[in-house]
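Residues per chain are reported as follows:
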Amino acid sequence: MQTGTSEGFDTTAAQAPSHVVASPAAAPIVVTPSSPLVGDDGHAKQVTLRVLHLVNGENFAGAERVQSHLGRCLPKFQVKADFACVKPGQFAEMVSQQDGDWGQCFDAAMSNRFDLRSAWSIRKLVRRGNYQLLHAHTPRTAMIAALASRLSGVPWIYHVHSPASRDSINPFSNRINAWVEKLSLTNCRHVITVSESLRLDCVTSGCPDNAITVVHNGVPEINDDDQVRRTAVPKVGGSWVLGMVALMRPRKGLEVMLESLAILRKKHDVRLRIIGAFESESYESFIDDQIARLRVASGVERTGFTENVPGELARLDALVLPSLFGEGLPMVVLEAMASGVPVMATRVEGTPEAVTDGVEGLLAEPRNPESLAESIEQLVTGKHDWTIMSNAARARHARDFSDLAMARKTAEVYRRVVAENVNPES
């Protein structure tokens, strides 16, 4: 990916709308018979659209992997996707190392979380790049997109990755994000949610049902060239390696998994790999103290941040995601399924839409170490056949959660919104 610069931008984020009303505030594009959006027969034709994504960019976790897969796959569906990072960091660094038909990644750093001057920077990018649509992914980028849309006359859409009102353990931050989101979305043209549960959440919050499209997250298939195929099936009664892959923060439930590990290790040879960075030193210190208190240090291995998630998944017998709340449709769950790794997760938000209990994995109650330990025990003792579950996970991913399916459905939303902007009476 090439990099560029613009004036402006900063942020952290949560994700999910409260209210959306289609607004005529953004002036519609005027289309003449010679417009590239209209064919000789007077009907719209399939041309390459130019879309500017507004992203945080500080980290490279689940939502950022969605954004990177879209950037890589959208060109296959005649969409040129560029990115403006409002808090530049790992995102631009990671996508610059990836192959594919990437566009540009602009540094658009805000000076503070409410730096509305950024909208003028985005307007300049829109005019210079001739973008036809803005695509925001967080409450703060929604705030910028809403104003930039009014300034530039270009419509915008919003991507809900998780619920803003319960995205973190900080209730004040959640309220602020939800308020910013609700205020911003008054001129949003359409909302994409990553799960049916988030769609229902948006409808309950006042978003018109016809202004929402569910586009499930998607990840690439894992093939032999990735060298992540397992060479051995874990044995009942043998050693089992479980793993958590996440940006480690309180809502991911690592502390619950450690409690479950203490229960399991009384009867089984089970180890946990913690794969991912910690969001804060205070949370990492809390986890260190818990590991010592539970006396499970010999069963815990920490690897830190990884750029090779498929490679790490290949070393696991099962993925564990004991989330407490705030999950839209976790990317790591889909990546595990693509790798044929059974998933041990909690019944939170959109996770049950991907994992059917007893088929692709097992589901436990959130905040309940005993429930999670019981689910894991069912797998390690052979109550559920590992190979059957692994094959079911691969099949479900291929059918419902590929990166190309996600990009195709997103491109369909783009074309519908742009067409409505071109012909507002249609």
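Scroll up to find the structure this text is about.
Below, the structure is looked at part by part.

**Some words on the overall build of the protein**
Check the secondary structure of the protein and you find 14 helices and 14 strands. Within the span of the protein, comprising 426 residues, buried residues form 58% of the whole. Across the protein, the fraction of contacts at a sequence separation of at least 24, relative to all contacts at a separation of at least 6, is 75%. Of the roughly 17400 Å² of accessible surface on the protein, a fraction of 50% belongs to carbon and sulfur atoms.

**Some points on the pattern of salt bridges**
Throughout the structure, instances matching the rule amount to 26 salt bridges. Between R408 and E412 there is a salt bridge, and its shortest N-O distance comes to 3.1 Å. Of the two residues, R408 and E412 are both situated in helix 14 (residues 403-422); the distance of 4 residues between them amounts to about one turn of the helix. Judged by relative accessible area, R408 falls into the partly exposed class, the value being 35%. Judged by relative accessible area, which is 41%, E412 ranks as partly exposed. Taken together, the shared-partner salt bridges connect D167, R251, K252 and E327 into one network.

**Structural notes on a nonpolar patch on the surface**
Together, F114, W179 and L183 make up an exposed nonpolar region whose accessible area comes to about 350 Å². Along the chain, the position of L183 falls in helix 5 (residues 171-184).

**A short note on the packing of aromatic side chains**
All told, the structure shown has 5 aromatic pairs when counted by the stated rule. For the ring pair F278 and Y283, a centre distance of 6.0 Å and an interplane angle of 50 degrees mean the geometry is tilted. Note on accessibility: F278 and Y283 belong to one class, buried. On the basis of an interplanar angle of 20 degrees and a centroid distance of 6.2 Å, the ring pair of Y283 and F286 is categorised as stacked. Residue Y283 and its partner F286 are both found in helix 8 (residues 281-294); the two are separated by 3 residues, about one turn of the helix. Judged by relative accessible area, which is 7%, Y283 ranks as buried. Take F286: its relative accessible area is 41%, and that puts it in the partly exposed class. Ring-pair connections join several aromatic residues into one group, and the members of that group are F60, F83 and F91.

**Concerning the nonpolar core**
Counting 80 residues, the largest nonpolar core has L52, I122, L134, W156, Y158 and M337 as its most contacted members. Counting residues in each nonpolar core, the second largest holds 36 residues, with A262, I274, I291 and V380 among its members.

Cut-offs applied
- All residue numbers refer to positions counted from 1 along the written sequence of the respective chain.
- Whole-chain, interface and lining totals are the exception, using all residues; otherwise, since this is a predicted model, local features are given only for residues with pLDDT of at least 70 and side-chain atom pairs are given and counted only at 80 or more.
- For the side-chain quantities, the full set of heavy atoms in the structure was used; hydrogens and water were omitted.
- Numbering of helices and strands runs from the N terminus, with a helix taken as a DSSP run of H or I at least four residues long and a strand as a DSSP run of E at least two residues long.
- Relative accessible area decides the class of each residue, using a 1.4 Å probe on protein chains only: under 20% of the type maximum gives buried, over 50% gives exposed, and in between gives partly exposed.
- What makes two residues a contact is simply this: any of their non-hydrogen atoms within 4.5 Å.
- Each accessible area is a Shrake-Rupley estimate made with a 1.4 Å probe; only the visible protein chains count as cover when residues are assessed.
- Salt bridges are identified by distance alone: a Lys or Arg side-chain nitrogen within 4 Å of an Asp or Glu carboxyl oxygen.
- Patch definition: residues with relative accessible area over 30% and no salt bridge; like charges joined within 9 Å; nonpolar side chains (Val, Leu, Ile, Met, Phe, Trp, Tyr) joined within 5 Å.
- Pairing of aromatic rings covers Phe, Tyr and Trp, the last counted by its six-membered ring, and requires centre-to-centre distances within 6.5 Å; plane angles under 30 degrees mean stacked, over 60 mean edge-to-face, and any other angle means tilted.
- We call a set of buried Ala, Val, Leu, Ile, Met, Phe, Trp, Tyr and Cys residues a nonpolar core when their side-chain atoms join them within 4.5 Å.

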